[in-house]
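Structural description and commentary
As a plain string of letters, each chain reads:
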Amino acid sequence: GENGVGGRAVRVGTRRSQLARIQTNSVVEMLRELYPDLHFEIIAMSTTGDKILDTALSKIGEKSLFTKELENALERNEVDLVVHSLKDLPTSLPPGFTIGAVCKRENPLDAVVLHPKNCGKTLNLLPEKSVIGTSSLRRAAQLKKKFPQLEFRDIRGNLNTRLKKLDEKEDFSAIILAAAGLKRMGWENRIGQLLSPEDCLYAVGQGALAVEVRAKDQEILNMVSALHDADTVLCCIAERAFMKHLEGGCSVPVAVNTVLKDGQLYLTGAVYSLDGSDSLKETMQTSVSYPQQTEDGPNDDMQHVGITAKNVPSQAQEAAENLGVDLANLLLSKGAKHILSVARQLNDA
């Protein structure tokens, strides 16, 4: 057909977890609306991150914990596109892959989910020495500093597992999860408190869904690019460039907050020691209001930190990427490297 995928089914790879399935379904629904003549088939698989549930994510030390198996299937041509949470995707993708779409971002903030007995409370109202579950070094570092009277402990598993552990045992007074995941699961009513950026800056890419494709597969790339949300793309390019330039990953606490308003992109970025006692935080801004250029130049398929977004002005993408790099350099000039390397060593130990 004229959409170039000529009559065959478009195979979409996803993780098996309920949240991953819901996220993938939402992307496939959008594609079905755009391309009613195409047939989409969803193929679910398990990843390393889904299998190793007794170890903290930051300890496994594998960057592509939730993405490797899916990328292998993409490489072997068993699927045509893969839907991820953008925050699971490393800032450097393996050669031959690109993020062909970044969908409109859901609320990127972190949320507190309370044990039923603490209903109606917030973190600062919980009794001293209450145990808070989170598997994220970023969340723990910020919240330890802000709420020194609380204790933070690792909790792993998909959303269903973590909520079950919270509700059915007395181990945790509350757990911290991404608001976006809770919302997509239909569990918004469990959010006891949304953590503002003042309380807790969020993870790079949090709340956004990414569609990963083979970089050379022009048909599929063109097809999914219709899903790009320009504002989300620019925010996430800045965040990913910041993290990449800092060399951050799962094993170090790096956090961000982005605001796009009146053509100005504001990026706040921070790095933390594991206990949150040492931190650096700065904000920078840049203009991203550029017109879309129509002429097809040779840098049509320019990737910016792994993202190919033809329908977002390339100068705006460049400005966003430079903003991330500049902010990282500012933090590095103030000693971020030391904070991050100590965090990495402590975590490895």
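Reading guide: rules and limits
Residues numbered from 1 in each chain as written. Predicted model: local features only at pLDDT ≥ 70, side-chain atom pairs only at ≥ 80, totals over all residues. Heavy atoms only, no water. Helix = DSSP H or I, 4+ residues; strand = E, 2+ residues; numbered from the N terminus. Buried < 20%, exposed > 50% of the residue type's maximum accessible area, 1.4 Å probe, protein only. Contact = heavy atoms within 4.5 Å. Pairing = 2+ DSSP bridges. Axes fitted to C-alpha atoms, helices over the stretch in contact; angles between N-to-C directions. Left-handed = near helix turned anticlockwise from the far one by under 90°. Nonpolar A, V, L, I, M, F, W, Y, C, P; charged D, E, K, R; others polar. Polar contact = N/O pair within 3.5 Å; in protein donor to acceptor, adjacent residues only side chain to side chain. Salt bridge = Lys/Arg side-chain N within 4 Å of Asp/Glu carboxyl O.

Overview of the overall build of the protein
Across its full length, the protein carries eleven helices and 15 strands. By the burial criterion, 53% of the 349 residues in the protein qualify as buried. Of the contacts made within the protein by residues no fewer than 6 positions apart, 73% connect residues no fewer than 24 positions apart.

Notes on the environment of V254
Topologically, V254 is positioned in strand β11 (residues 254-261). Here the alpha-carbon distance between V254 and S279, two residues 25 residues apart in the chain, equals 9.9 Å.

What about the sheet that holds strand β12 (residues 264-272)?
Ordered in space as β11-β12-β13, the three strands form an open sheet in which the pairing is antiparallel. If you trace the sheet from one side to the other, it starts and ends with β11 and β13 (279-287), each paired once. With strand direction ignored, the average angle separating the axes of adjacent strands in the sheet is 15 degrees. Strand direction decides the pairing type here: β12 and β13, joined by nine bridges, are antiparallel. When the sheet's bridge partners are listed, Y272 is paired in β13 with S279. Most of the contacts of helix α10 (residues 314-333) go to β13, to which it runs at about 150 degrees, and overall it touches β12 and β13.

A short note on the packing of helix α9 (residues 230-246) against α10
In the contact formed by α9 and α10, the axes pass within 7 Å of each other and the chain directions differ by 35 degrees. Between α9 and α10 the crossing geometry is right-handed. Here L234, I237, A238, A241, F242, H245 and L246 of α9 come into contact with α10, specifically with A316, Q317, A320, E321, L323, G324, V325, L327, A328, N329, L331 and L332. In terms of residue class, the contact of α9 with α10 is built from 14 nonpolar, four polar and one charged.

What to know about helix α5 (residues 137-146)
Summarising burial for α5: seven of the ten residues are buried, a large majority. Taken together, the buried positions of α5 are L137, R138, R139, A140, A141, Q142 and L143. One side-chain oxygen at the N-terminal end of α5 lies 3.2 Å from the backbone nitrogen of R138; it belongs to S136.

Re the side chain of T98
Within the secondary structure layout, T98 lies in strand β4 (residues 97-102). Within the structure, the side chain of T98 is placed 3.2 Å from the backbone oxygen of G306, a separation counted as a polar contact. Polar contacts involving the side chain of T98 include one to the side chain of T308, which spans 2.6 Å. Excluding its chain neighbours within four sequence positions, the residues that come into contact with T98 are L93, V211, E212, V213, A215, L221, Q303, G306, I307 and T308.

Side note on the pattern of salt bridges
Under the definition given, this model contains 16 salt bridges. Across the pair E239 and R105 runs a salt bridge whose closest N-O atoms are separated by 2.9 Å. Within this pair, whereas E239 is found in helix α9, its partner R105 is found in the loop between β4 and β5 (110-114), the two being separated by 134 residues in sequence. Taking the relative accessible area as the measure of exposure, R105 reaches 16% and is therefore buried. Taking the shortest distance from any N to any O, the salt bridge between E282 and K334 comes out at 2.8 Å. Of the two residues, E282 sits in strand β13 while K334 sits in the loop between α10 and α11 (336-348), which places them 52 residues apart along the sequence. The class of K334 is partly exposed, set by a relative accessible area of 45%. Because the salt bridges share partners, they merge into one network encompassing R11, D80, R214 and D217.

As for the sheet that holds strand β8 (residues 174-178)
Pairing in this open sheet of five strands is mixed, and the strands run β7-β6-β8-β5-β9 from one edge to the other. Looking at strand neighbours, the two that pair on one side only are β7 (151-153) and β9 (191-195), the edges of this open sheet. The mean angle between the axes of side-by-side strands here comes to 30 degrees, regardless of whether they run parallel or antiparallel. Bridging between strand β6 (residues 131-133) and β7 involves three bridges; their strand directions are parallel. Paired with V131 across the bridge in β7 is E151. Sitting on the sheet, α5 touches β5, β7, β8 and β9, and the angle it makes with β8 is about 125 degrees. Across the sheet, helix α6 (residues 159-168) lies against β5 and β8, angled at about 160 degrees from β8, the strand it touches most.

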